[in-house]
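The residues making up each chain are set out below.
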Amino acid sequence: MRIMPNDLEAHWMPFTSNKHFKTGHTRMMTEGKGIVYKTYQGHELIDAVSGLFCSPLGHARPEIADAVHKQLLEMSYCPPFQHGHPSAFELARRISQLLPGNLDYVFYGSSGSEAVETTLKIALLYHRVKGEGQRLRLVGREKGYHGVNFGGFSVGGMVKNREMYGLGIPGVVHMRHTNIPENKYARDEGAHGVELAEDLQRLCDTYGGDTIAACIVEPVGGSVGAYLPPKGYLKRLREICDEHGILLIFDEVITGFGRTGNPFGANTYEVQPDMITMAKAMTNGAIPMSAVGVGEHIYKTIVDAAPEKGVDFFHGYTYSGHPAACAAGLATLDIFEKEDMFGRAKALSNPFLDRFFDLKDLPIVTNMRGVGLLAAIDLAPDGAPGTRGYQAVMDLYDKGVLVKVTGDTVMLSPAFICEESDLDRIFETLRGVLSGY
Ligand SMILES: Cc1ncc(COP(=O)(O)O)c(C=O)c1O
């Protein structure tokens, strides 16, 4: 629909100021092609955040649209419990080849939040099946974002996302976050702070390592604003997990599929987790889909323990491995391969980060962080927290650049198909807007 709807009331928008949006600040987008969105007024926006970290290949790729169209005409739905369809298996095979180490098994959902819930349940089940049912605790991290469902916000650590919703699930404890002042303006990883991984050891000392089922972290804290891991931090988490039999889960909903310059953050930081979540770029954002890459040791333990005709994992979604999503996922992977998108992301990282860190001289900028094609700028607050950030997102929108803001932090994650000239336009606009504050 390319006209402004008469009535905006009924749609309760997520993570949005509905009041502000519906009283004249209506950012209505009607077209997205490549890296350019158009609004209903015909105003053009360069997308500097790949939608919402979702569309590294650019919007409205005809290859993906055609594959989905074809699939919907062939079979638009298939019940995923006790039945399958070919493209779900083919996509799982191809993703398992992309995943590091022994993450050879793929369980589907439709959102990042579902993928996170799935990992937490797999962790509990795995230990239960192994006869270690006392492992009921889950470790998360301050400032972590693991989606909005009860498990995810419980292990997550973004205050606004949890403070109004009760106590969350029991048995969750948190490590400190890794965004420490010593690592200001860090690129790729922080030079300081490896000792923060010892928080996990302290939790083992306090609660008993054998009461902990899993530790979940984002290799790079995405939604909070590109919180980079200190050098050696993720490796140390891995060691502590190994020492205590704890599963290590990487939530790669943002960092998966090339965002840090390699297929997964696990590759970039050379640490092997037991499970990886993915979503967003998996279908280039075209159709909702997520997945969990699961280690062979976990899959085999759980599946081998099930009775011959019995269900092994009492979990799944009506839309797990939906045919349209699988078609979109396969077409997305085809483009990744044909156009060497991982190579492109890697090659574009330095031109992106060099331009990004050039903004360091702006007086309003208090800190910056970046890796691959993911970066964040902290702005000096203007009164209540988030006011400056909200202003920045509005002003940048008016000047034709789409970014994502969390609090007073502006986030960038351009599409891998960007040219350097696109980056120039993005950063010229950013400089123009931010130097006005
Ligand atoms: C690391 C991480 N986990 C989980 C989620 C939740 O994904 P969704 O919004 O698709 O439920 C997000 C969303 O940004 C995320 O960044």
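So, here's what we can say about the structure.

Rules behind the numbers
Residues numbered from 1 in each chain as written. Predicted model: local features only at pLDDT ≥ 70, side-chain atom pairs only at ≥ 80, totals over all residues. Helix = DSSP H or I, 4+ residues; strand = E, 2+ residues; numbered from the N terminus. Buried ≥ 20, exposed ≤ 12 C-beta atoms within 10 Å, placed from the backbone. Contact = placed C-beta atoms within 7 Å. Expected span 1.5 Å × (residues − 1). Pairing = 2+ DSSP bridges. Axes fitted to C-alpha atoms, helices over the stretch in contact; angles between N-to-C directions.

Bringing the environment of Asn 367 into the picture now. One can find Asn 367 in strand S11 (residues 365–371). Looking at Asn 367, the number of C-beta atoms within 10 Å reads 18, which means it is partly exposed. The sequence separation of Asn 367 and Pro 181 amounts to 186 residues, and the corresponding C-alpha distance is 9.0 Å. Beyond its immediate chain neighbours, meaning those up to four positions away, Asn 367 contacts Lys 184, Tyr 185 and Asp 378.

Time to look at helix H11 (residues 323–338). Under the 1.5 Å per step criterion, the end-to-end length of H11 is 22 Å for 16 residues, consistent within 8% with the ideal 22 Å. Summarising burial for H11: 12 of the 16 residues are buried, a large majority. By the burial criterion, the buried members of H11 are Pro 323, Ala 324, Ala 325, Cys 326, Ala 327, Ala 328, Gly 329, Leu 330, Ala 331, Thr 332, Leu 333 and Phe 336. Buried-residue contacts for H11 involve helix H3 (62–74), helix H4 (86–98) and helix H12 (341–357).

Taking strand neighbours across the sheet as the criterion, the seven strands line up as S4-S10-S9-S8-S7-S5-S6 in an open arrangement whose pairing is mixed. Sheet topology places strand S4 (105–109) and strand S6 (172–175) at the edges, where each strand pairs with a single neighbour. Neighbouring strand axes in the sheet, compared pairwise and without regard to direction, differ in orientation by 20° on average. Note: strand S9 (residues 275–278) against strand S10 (residues 290–294), four bridges, orientation antiparallel.

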